[in-house]
Amino acid sequence: QKHDILTLDDVKLLVNTFYDKIRVDPMLGGIFNGAIQDRWPEHLEKMYRFWQSILLEENTYNGRPFPPHMQLPVGKEHFDQWLKLFFDNIDAQFEGEKAHEAKWRAYKIAQTFHSKIEYFRQN
Ligand code: HEM
């Protein structure tokens with residue numbers, strides 16, 4: 001039975017299952033594994049706090065989301081694939097207002113990251 005994203009355990013499930021798929025994705029896996037290497041536990045902890053702050057209004061994330069993305073070799077096709085995995089992963093497990101909000105927020109942030117990367121790219 002699907003339910004909404006209402007607790008920190010729901011957020012952890014969302015994040016863990018999403019990055020399980022990211023790590024083995026043919027397009028994105030190598031980019032993430034290359035950058036993160038043996039720091040996956042820290043990355044996942046950070047992402048729990050990021051989504052907890054957005055979806056549960058519990059402000060545990062205090063980082064700066066964009067800088068680590070600035071130098072990544074990514075373009076529109078990478079963001080489209082990231083969003084596809086994120087949307088599919090949510091739809092497979094959750095439904096409701098927060099599930100919808102998570103997809104909307106991810107879409108808006110992906111747009112922002114992509115346009116900043118394009119803006120700063122030297123070519
Ligand atoms: C961090 C890759 C899209 C949110 C990271 C890191 C990588 C990465 C490699 C870890 C950097 C490190 O610790 O060494 C990507 C790629 C993306 C993508 C390849 C798409 C093509 C997104 C999107 C969001 C997001 C759409 C938000 C909805 C974050 C956050 C962090 C992060 C919050 C942690 C920032 C911090 O250090 O506080 N990403 N990302 N990413 N990413 Fe992404």
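What counts and what doesn't
- Residues numbered from 1 in each chain as written.
- Predicted model: local features only at pLDDT ≥ 70, side-chain atom pairs only at ≥ 80, totals over all residues.
- Heavy atoms only, no water.
- Donors = N, O, S within 2.8 Å, 3.2 Å for Na, K, Ca; no water.
- Helix = DSSP H or I, 4+ residues; strand = E, 2+ residues; numbered from the N terminus.
- Salt bridge = Lys/Arg side-chain N within 4 Å of Asp/Glu carboxyl O.
- Contact = heavy atoms within 4.5 Å.

Enquirer: Would you mind showing me how to read the coordination of the iron atom of the ligand here?
Expert: Donation to the iron atom of the ligand from the protein comes from one atom only, His69 (NE2), at 2.0 Å. Summarising the element assignment, His69 is placed in the loop between α3 (40-55) and α4 (76-93).

Enquirer: Looking at this structure, how should I read the pattern of salt bridges?
Expert: Pairs may arise between side chains of opposite charge once their charged atoms sit close together. All told, the structure shown has seven salt bridges when counted by the stated rule. The salt bridge involving Arg105 is made with Glu101; its shortest N-O contact spans 3.5 Å. Separated by four residues within a single helix, Arg105 and Glu101 lie in helix α5 (residues 97-120), roughly one turn from each other. By sharing partners, the salt bridges in this structure join Glu57, Lys98, Glu101 and Arg105 into a single network.

Enquirer: Sorry if this is basic, but what is going on with the side chain of Lys103 here?
Expert: Within the secondary structure layout, Lys103 lies in helix α5. If near-sequence neighbours (up to four positions away) are discounted, Lys103 is found in contact with Phe86, Phe87, Ile90 and Asp91.

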